[in-house]
Amino acid sequence: MSDARGAGPHRQALHDGWTLRAVSGPQAPPEVDGRAVPATVPGCVHTDLLAAGLIPDPYLDDNETALGWIGHTDWVYETTFDRPAGDHQRLDLVCAGLDTVATVTVNGVEVGRTENMHRGHRFDVTSLLRTEGNTLAVRFDSAYRYAEAHRDRLGDRPNSYPEPFQFIRKMACNFGWDWGPTLVTAGIWQEIGLHGWSTARLATVRPLVTVVGGDGRVAVHVEVDRAADLPLTVRARVAGETAEVTIPAGERAAELTLTVTEPELWWPRGYGAQPRYELAVTLHGPDGDTLDEWHRRIGFRTVRLDTTPDAQGAPFALHVNEVPVFVRGVNWIPDDAFPTRVTRERLAHRFDQAEGANVNLLRIWGGGRYESADFYDLADERGLLVQQDFLFACAAYPEEEPFGTEVAAEAAEQIVRLASHPSLVLWTGNNENIWGWHDWDWQEPLAGRSWGRGYYLELLPRLVAELDPTRPYWPGSPYSGSEEIHPNDPAYGTTHIWDVWNTDDYAKYREYVPRFVAEFGYQAPPAYATLRRALSDEPLTHDSPGMAHHQKAADGDLKLRRGLTAHLPVPRDFDDWHYLTQLNQARAIQFGVEHFRSHRGVCMGTIVWQLNDCWPVTSWAAVDGDGRRKPLWYALRRAYADRLLTVQPRDGGLALVAVNDGGQPWRASATVTRLTVAGDPRAKTTLELDVPAYATVTLPLAAELTRPDEAQAELLVAEAGDRAGRALWFFAEDREIDWPSAAFDAVVEPTYGAQQVRVTARTILRDLTLYPDRLHPSAQADDALRTLLPGESAIFTVRSETPLDPTALTTHPVLRCVND
């Protein structure tokens, strides 16, 4: 019986009293070298130095460049603590995340080394702890030195940027990206603490949740760590059902199965509710005492991926609870270069923005992180589907040691960690690496060396099948489904479309009828207030030094100008450039989304690159680095609406396409009018819409509507009620149209803590948009990109911490339209 003695389980966070110092070396500046400063844990070196006033804000101007020494320096975190009270058989130091090359010592004794940001570690420190005054130190060696040493040992491999990010298991975008700063972090980036326990503990709990014949089934796989070789009991409880199993002495694993009769199903947002059930798992000793416990909220749902070959190639269609879901997605990158600054509140706000844009899926891109418990809990709560990439992006990755072992351990840990979340519907092996091997001139420099194929096509699918067979796995994004078919073939599986933006105009989207578009995007600068906070340029121009530094894409400014030239008037000044580039981004993505959605059935998903930014930058994001919505966000809200009305080319003419992603039939009368920009009607018809749930109807338009008398002076307007919005078709590009000079009346009235701006058009107003953040950084409008015909009015609600000047709010450069 003596083996079973000991105190009950105890967990003690070790987040207080930390200091940080640089290890003396040539990289560290004199004011930092060897100096100890207070440190926040969880946190990182950059945020601690910033809090201590030792570095400037790396997000401002070009400060990032002067801070490169941080990633080349070794750092030591240190604190002291007392031993927890109680007679625990084991005291473990538990590190949920160390970034990245760490040596952990307790009272001067090394207890472990780590080299993977994406794994947790546990060290037995029972024999090392004194009653009082224990010293815990974590030394972080330079991530650059580690990565470069492995690169030199294994041989260099191709990647998209001149940094060694594929030679270390660390957030790749720390090393810079075409939207992100190069800020190579180090630090205790997740929780750290002591766990005191006796007899045994729950090492892993892995619930596999399925629905069969309407009944929910939870297979709970449990593994235990032991401090004593005694029989144990595991109990599980969910929705009033219970199960119990004994783990005999000497054994370490068990499985319990619970069946819940006809549970409420968990659905994606827009398809139903998101009920969740508390799953509790407890571990008990021979005397019945509770040794450990584990709690999660689970959801009952099925998910499968339909890739059955058909006449067009092979689809890529997600089915949730046997209902095919058209994915209206956005790509998600880390919301800050310093992950510990991303709070649950901040994530909830970003999720609000995603939902507000009618998004139903977030793809967590493979150059960042496995997202947090808060991220997944919010997704579960709100019904936002999640596609999680394994963390490989835009590079040939070595499969030799230590990387093979690290990747296997990392993947297994994350598969188990995320298994309980109903929002997670797809694992993806990598971002663009299989495509890169085929098309990016990798094969000759690789000369037969490993590049990651073994991960994506062997290791990862095997681990997902073993540890979580309830979810599909797809080897890459993009991937066709077969090594015999080009990985980015639009007719098979998933595709990325990047010739648009890099080399071609967005009109080229119409040349694609893909099965599933997992990436496509177009750039624009962030909000004006974001630029003014981040940049001290005077004057601010499209190519002033700060603007150039915060444009990370190759030839980004040139590509923005090329895009404008194809469609819009020549900018007269920076204000024009800012408005027109933001407008062109919104137009490009709305154009693409509406085209792809109009082919619903063949195409079953679009994932726009990208929702968010991690700092103030010109990028593809809909929400900028300060959290402000760009015009793209408003365009996405329209293009991703449940009911979409769009005019599209079909069979040499034009057609009205009605897309219904709602659960009810859509029956309405649609009017289509050809009229002049002066508002004079030339032809009109009424069409009856009868669109089943989750379907699309295409109605050809008569020649009298589609053949203008004057292409430069006419447009089509299609309407079918407020919920569907208005579809417009212009017969010429804006730069070719004979626009009347904008004329309007504007009235500003205070209302319920906001201001309402009513604009009444005396002429057509093309893509009318308000930029109230030019007057106060907190100000934002509830709508944008409104095209008004003569005599029409629009009301914008503007919220700001302080009332805005009505005259300034209704004049240039705050109130803009193409023909102003």
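Residues numbered from 1 in each chain as written. Predicted model: local features only at pLDDT ≥ 70, side-chain atom pairs only at ≥ 80, totals over all residues. Heavy atoms only, no water.

Some thoughts on the overall build of the protein
Line of reasoning, step 1. Per the secondary structure count, the protein includes 17 helices and 46 strands.
Line of reasoning, step 2. In summary, the protein has a C-alpha radius of gyration of 29 Å against a globular reference of 28 Å for 820 residues, a match within 12%.
Line of reasoning, step 3. Seen through its C-alpha atoms, the protein measures out along the principal axes to roughly 95 × 70 × 65 Å.
Line of reasoning, step 4. Every one of the 820 residues in the protein was classed for burial, and the buried ones make up 60%. (Helix = DSSP H or I, 4+ residues; strand = E, 2+ residues; numbered from the N terminus. Rg over C-alpha atoms; globule rule 2.2 N^0.38 Å. Buried < 20%, exposed > 50% of the residue type's maximum accessible area, 1.4 Å probe, protein only.)

Here's the deal with the nonpolar core
Line of reasoning, step 1. If you look at the biggest cluster of nonpolar residues, it comprises 157 residues, and the most contacted ones within it are W177 and F390.
Line of reasoning, step 2. The dominant element in this core, judged by the number of residues it contributes, is helix α14 (residues 574-598), at 11 residues. (Core = buried A, V, L, I, M, F, W, Y, C linked by side-chain atoms within 4.5 Å.)

Points about the packing of helix α4 (residues 344-356) against helix α5 (residues 373-382)
Line of reasoning, step 1. At a closest axis distance of 10 Å, the pairing of α4 and α5 adopts a crossing angle of 40°. Between α4 and α5, the interaxial angle falls into the category oblique. Here α4 and α5 pass one another in a crossing that is right-handed. The segment α4 lies against α5, with R344, L347, A348, F351, D352 and E355 engaging D374, F375, D377, L378, A379, E381 and R382.
Line of reasoning, step 2. Its residues assigned to classes, the contact of α4 with α5 shows six nonpolar, no polar and seven charged. (Axes fitted to C-alpha atoms, helices over the stretch in contact; angles between N-to-C directions. Parallel < 35°, antiparallel > 145°, perpendicular 65-115°, else oblique. Left-handed = near helix turned anticlockwise from the far one by under 90°. Contact = heavy atoms within 4.5 Å. Nonpolar A, V, L, I, M, F, W, Y, C, P; charged D, E, K, R; others polar.)

Section: the packing of aromatic side chains
Line of reasoning, step 1. What the rule picks out here adds up to 43 aromatic pairs.
Line of reasoning, step 2. Ring geometry for F520 and F596: centres 5.3 Å apart, planes at 85°, overall edge-to-face. Taken together, the positions of F520 in strand β31 (residues 517-520) and F596 in helix α14 put the pair 76 residues apart, joining distant regions of the chain. Of the two residues examined, F520 and F596, each falls in the buried class.
Line of reasoning, step 3. Taking the centre distance of 5.8 Å and the plane angle of 55° together, the rings of F730 and W739 count as tilted.
Line of reasoning, step 4. Here the aromatic residues Y161, F165, W177, W179, W365 and W609 are joined through ring pairs into a cluster of three or more.
Line of reasoning, step 5. For R169, the ring lying beneath its charged end belongs to F392, and the centroid distance is 4.5 Å. (Phe/Tyr/Trp six-rings, centres within 6.5 Å; stacked < 30°, edge-to-face > 60°. Lys NZ or Arg CZ within 6 Å of the ring centre and 35° of its normal.)

Let's talk about the side chain of N488
Line of reasoning, step 1. Along the polypeptide, N488 turns up in the loop between β29 (473-474) and β30 (495-497).
Line of reasoning, step 2. In terms of polar contacts, N488 uses its side chain to reach the backbone amide nitrogen of H496, at 2.8 Å.
Line of reasoning, step 3. Among residues more than four places away in sequence, those in contact with N488 are W435, P478, T494, T495 and H496. (Polar contact = N/O pair within 3.5 Å; in protein donor to acceptor, adjacent residues only side chain to side chain.)

Structural notes on α5
Line of reasoning, step 1. When α5 is considered as a whole, its buried residues turn out to be F375, Y376, L378, A379, D380 and R382.
Line of reasoning, step 2. Once α5 ends, the next one or two residues include G383, with phi positive near 80°.

Observations concerning the sheet that holds strand β10 (residues 134-140)
Line of reasoning, step 1. The strand order across the open sheet built from six strands is β3-β2-β4-β10-β7-β8, with neighbouring strands paired in antiparallel fashion. The sheet terminates laterally at β3 (36-38) and β8 (109-115), the two strands that pair on one side only. When strand polarity is set aside, the average angle formed by the axes of neighbouring strands in this sheet is 20°.
Line of reasoning, step 2. Relative to strand β4 (residues 75-81), strand β2 (residues 19-22) runs antiparallel, the two sharing four bridges. (Pairing = 2+ DSSP bridges.)

Some details on the pairing of strand β39 (residues 726-730)
Line of reasoning, step 1. Where strand β38 (residues 714-719) lies against β39, five bridges are found, and the strand directions are antiparallel. Residue pairing for β39: L716 is matched across the bridge by W729.
Line of reasoning, step 2. Adjacent in sequence and paired antiparallel, β38 and β39 are bridged by six residues, among which G721 carries a positive phi angle near 100°.

Some words on the pairing of strand β26 (residues 361-364)
Line of reasoning, step 1. Alternating positions in β26 separate into two faces, L361 and R363 on one and L362 and I364 on the other, with burial throughout.
Line of reasoning, step 2. Both strand β25 (residues 327-332) and β26 contribute to a ladder of four bridges, which runs parallel. By the bridge assignment, N331 is partnered in β26 with R363.
Line of reasoning, step 3. Chirality of the crossover, the property in question, places the unit of β25, α4 and β26 among those that are right-handed.
Line of reasoning, step 4. When β26 meets strand β27 (residues 385-389), the two strands line up parallel, connected through four bridges. Note that in β27 the partner of I364 across the bridge is Q388. (Right-handed = clockwise from strand over helix to strand, strands pointing away.)

What about unusual backbone geometry?
Line of reasoning, step 1. Note the cis peptide between V41 and P42, where omega equals -5°.
Line of reasoning, step 2. Take P42: it is sitting in the loop between β3 and α1 (45-51).
Line of reasoning, step 3. In this structure, D61 is a non-glycine residue whose phi angle is positive, near 45°.
Line of reasoning, step 4. Overall, the relative accessible area of 21% leaves D61 in the partly exposed class.
Line of reasoning, step 5. At N321, a position not held by glycine, the phi torsion is positive, near 50°.
Line of reasoning, step 6. Here N321 shows up in the loop between β23 (317-320) and β24 (323-325).

Points about the side chain of Q585
Line of reasoning, step 1. Tracing the backbone through its elements, the reader meets Q585 in helix α14.
Line of reasoning, step 2. In this structure the side chain of Q585 is engaged in a polar contact, spanning 2.8 Å, whose partner is the backbone oxygen of Y522.

Points about helix α3 (residues 143-154)
Line of reasoning, step 1. For α3, built from 12 residues, the straight-helix expectation of 16 Å at 1.5 Å per residue is met to within 8% by its first-to-last C-alpha distance of 16 Å.
Line of reasoning, step 2. Listing the buried residues of α3 in full gives A143, Y144, Y146, A147, H150 and L154. All buried residues of α3 project into a common sector of 165° when viewed along the axis, lining one side.
Line of reasoning, step 3. Looking at the buried side of α3, the elements it contacts are β7 (101-106), β8, β11 (175-177), β12 (180-182) and α6 (403-418).
Line of reasoning, step 4. Near the N-terminus of α3, the side chain that reaches the backbone nitrogen of Y144, with its oxygen 3.2 Å away, is that of S142.
Line of reasoning, step 5. After α3 finishes, the residue G155 shows a positive phi value of roughly 95°. (Expected span 1.5 Å × (residues − 1). Arc of directions from axis to C-beta.)

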